[in-house]
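A closer look at the structure
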Amino acid sequence: MATATAPAKSMPQIVALCKRRGFVFPASEIYGGINGFWDFGPLGTQLKNNLRDAWWRDMVHSPPSGPDGQPLEIVGLDSSIIQNPRVWEASGHVSGFSDPMADCRACKARFRADDLIGVELIFPDVPEPNKRNFLICGVGTPEEVLETNTKKIQKLQGANGPYERLSSHHVFSELNEEGRAEFSCPNCGEKGHLTEPREFKLMFETYVGAVRDEESKTYLRPETAQGIFLNYKNVLDTMRVKLPFGIAQIGKAFRNEVTPRNFIYRSREFEQMEMEWFCRPADAPKWFAFWQERRLTWWRSMGLGAENLRVRPHGADELSHYARGGSGTVDIEYRFPFTDPDFAELEGIAHRTDFDLKAHQTQAGIKLEYFDQEHNARYLPHVVEPAAGLTRGVLAVLCEAYTPDPARPSKVYMRFHPKLAPIQAAVFPLVAKDGMPEVAGKLYRELRGRFTCRLDIKQSIGKRYARMDEAGTPYCFTVDGQTLSDQSVTVRHRDTAAQERIGIDHVTDFLAQRIKG
Ligand code: ATP
């Protein structure tokens, strides 16, 4: 039913659907919300759990086979969010984990310096000597900056005729003093009040115990990875693992982001799915290449389109402190509607060398070396880390699934991969009489032990299909008059809206075949 040229996906419409259908709500909404925090509603929670469980299953229960065809060994972990603060000194976060930020002296708004963009416009119809360039300033991509300044641009056009776009600059890296003085604050519109960028610490601080002083200060973890390094020795001593092996963890991370934005893309509380792959230093380049390929394939298997995914190697100037001297870092990027035609990070894969183990070994004064019996050598393993965002992954899955279709009553449906769909099957009686609700109820009770199901009895069948289209339910089973005579039900396929009849006894097998674990 989808039209040949798919209409563009609009972020405000995706956000509205997420609210309307119970995927994502603003946190503390009845108090006006709190910037950078989100709550997952019933459908969003199930979607997130499904993505999380798929990662855990494909990493821990049934990891891929390695380049030599042997199954890999990866074990799970769940470490504490709050750790001894010395952990974050060793990891480099206390001294280095910050973003440059600029404040507007007039309205006190704070911006991440990288986000401040100036777009230069020129009006060719204006004759010399009055012709001059105008600077339009704002936050986001050049297109977003132009969009948020539509009124100003229309006013300029009224006076000067059509414009041409010359170029766009990061305010701090490329605009000269004069350009910066022209910068009007995207929040209050005042010109020339921007401070020089200053480093802003991203870790949330907290205090442990009754006394609030420097001694009791610690941090909410900004990444799950360090908990893995802290327990590497415990895992070695208890699990009889041998190099190479991995430790995987899923959990919350907290970053006091300067400008949380783009819905749940950059939030202050989010979930990560990280795996640290410990290997011999000489083998690290091989594993770095291996995990890039595997992780890209995995995201595709979650239903993300190949054309919307890419792998982008970091430039030398982008490398994190822990990745210098290694084979490098790549980002798996997704083309989100708010970056289109550009892409943005979904997962980072880094060769972290022995940076973290070495740092903890020094800071804690405890030997963390591995004894390699095969080579009769003692050394610190190297680490290759695929670090994915679960929250960001959910956003990519939501954006990919969002499919406008003007021909449907709902005008849109969510094309989730059946294994991720929060509701996998819906059961409807066509009408709430003639014994149909009883048959539907029985089918629903049979299915719900194995699949996430909904029984919906009220409203017209068209409205029930429309609601399930927006929830992204791949299959709806309807019990009608014919069911009572021949024990068949209709199954409606979400993506084509086509219907067929199958025996009521075959519904479980039908679903099992299509929703593979
Ligand atoms: P970014 O450059 O977007 O700030 P990062 O490179 O700092 O991200 P990592 O430290 O590599 O991110 O974290 C691994 C993953 O965690 C990222 O690929 C992303 O999916 C997720 N992530 C990081 N920060 C956030 C955030 N503020 N909100 C949601 N997810 C995040």
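Look up a bit, the structure's there.
Below: a short report on this structure. (Residues numbered from 1 in each chain as written. Predicted model: local features only at pLDDT ≥ 70, side-chain atom pairs only at ≥ 80, totals over all residues. Heavy atoms only, no water.)

A few points about the overall build of the protein chain
Filter applied, for reference: Note on conventions: DSSP H or I runs of at least 4 residues are helices, E runs of at least 2 residues are strands, and numbering of each starts at the N terminus. Partly exposed describes any residue whose relative accessible area lies between the buried limit of under 20% and the exposed limit of over 50%, with all areas from a 1.4 Å probe on protein chains only and scaled to the type maximum. The contact rule is simple, with two residues in contact once any of their heavy atoms fall within 4.5 Å. Accessible surface area values rest on a Shrake-Rupley calculation with a 1.4 Å probe, where residue burial reflects the displayed protein chains alone. For the purpose of counting charges, residues Lys and Arg are taken to be positive, whereas Asp and Glu are taken to be negative. His and the chain ends are not included. A charge is said to be at NZ when it belongs to Lys, at CZ for Arg, at CG for Asp and at CD for Glu.
Check the secondary structure of the protein chain and you find 16 helices and 26 strands. Projected onto its principal axes, the C-alpha positions of the protein chain cover 80 × 80 × 50 Å. Here the protein chain holds 517 residues, and the buried ones make up 52% of them. A separation of at least 24 residues holds for 66% of the contacts in the protein chain among residues at least 6 apart in sequence. With an accessible surface of roughly 24500 Å², the protein chain has 50% of that area assigned to carbon and sulfur atoms. The average position of the 66 basic charges and that of the 68 acidic charges among the side chains of the protein chain differ by 5 Å.

Section: the sheet that holds strand β23 (residues 453–455)
Convention followed: When DSSP locates at least two bridges between a pair of strands, those strands are taken to pair. Working convention: axes come from line fits to C-alpha atoms, limited for helices to the stretch in contact. Angles between N-to-C directions cover 0 to 180 degrees.
Taken together, 5 strands build an open sheet; the order of strands is β23-β22-β24-β25-β26 and the sheet is mixed. Every other strand in the sheet has two partners, leaving β23 and β26 (499–503) as the edge strands with one partner each. Neighbour-to-neighbour, the strand axes of this sheet turn through a mean angle of 25 degrees, independent of strand direction. In this structure, strand β25 (residues 488–493) lies alongside β26, joined through 5 bridges in antiparallel fashion. In the strand pairing of β26, R492 is matched with Q499.

Brief notes about the pattern of salt bridges
Heads up, the condition is: Just to be clear on terms, a salt bridge is a Lys or Arg side-chain nitrogen sitting within 4 Å of an Asp or Glu carboxyl oxygen.
Counted by the stated rule, this structure contains 36 salt bridges. Put simply, E29 and K19 hold a salt bridge, and the shortest N to O gap is 3.0 Å. Of the two residues, E29 sits in the loop between β1 (24–26) and β2 (38–40) while K19 sits in helix α1 (residues 11–20), which places them 10 residues apart along the sequence. The closest approach of N and O atoms between D469 and R408, which form a salt bridge, is 2.9 Å. Here D469 is found in helix α14 (residues 461–471), whereas its partner R408 is found in the loop between β20 (402–404) and β21 (412–414), with 61 residues between them in sequence. R408 matches D469 in its accessibility class, with the two residues each being buried.

A short note on the packing of helix α2 (residues 42–61) against helix α12 (residues 390–401)
Heads up, the rule is: Each angle receives one of four descriptions, namely roughly parallel if under 35 degrees, roughly antiparallel if over 145, roughly perpendicular if within 65 to 115, and oblique otherwise. Helix crossings fall into two classes, left-handed where the near helix is turned counterclockwise from the far one by less than a right angle and right-handed where it is turned clockwise. Three categories are distinguished: nonpolar for Ala, Val, Leu, Ile, Met, Phe, Trp, Tyr, Cys and Pro, charged for Asp, Glu, Lys and Arg, and polar for the others, with Gly belonging to the last.
Interhelical geometry of α2 versus α12 gives an angle of 110 degrees and a closest axis separation of 10 Å. What the angle tells us is that α2 and α12 run roughly perpendicular. The two elements α2 and α12 cross, and the hand of that crossing is right-handed. Across from L47, K48, L51 and R52 in α2, the residues of α12 making contact are L390, G393, V394, V397 and L398. For the contact of α2 with α12, the per-class residue count stands at 6 nonpolar, 1 polar and 2 charged.

Re the site of the ligand
To keep it simple, the criterion reads: The rule for a residue being near a molecule or strand is that one of its heavy atoms must lie within 4 Å of it. Pairs of N or O atoms within 3.5 Å make up the polar contacts considered here, provided that, within protein, one atom can donate a hydrogen while the other can accept it, and that residues adjacent in sequence are counted only when both atoms are side-chain atoms.
Close to the ligand lie 14 residues; E257, R266, S267, E345 and L346 are nearest. Separating a nitrogen atom of the ligand from a backbone N or O atom of S267 is a distance of 2.8 Å. Between an oxygen atom of the ligand and a main-chain N or O atom of G389, the distance comes to 3.1 Å. Alone, the ligand offers 590 Å² of accessible surface; in the complex the protein occludes 84% of this. When residues of the shell around the ligand are traced back to their parent elements, those giving at least two are β13 (269–279), β16 (344–353) and β19 (382–389). The greatest single-element share of the shell around the ligand, amounting to 4 residues, is contributed by β16. Per-class residue counts for the shell around the ligand are 4 nonpolar, 4 polar and 6 charged.

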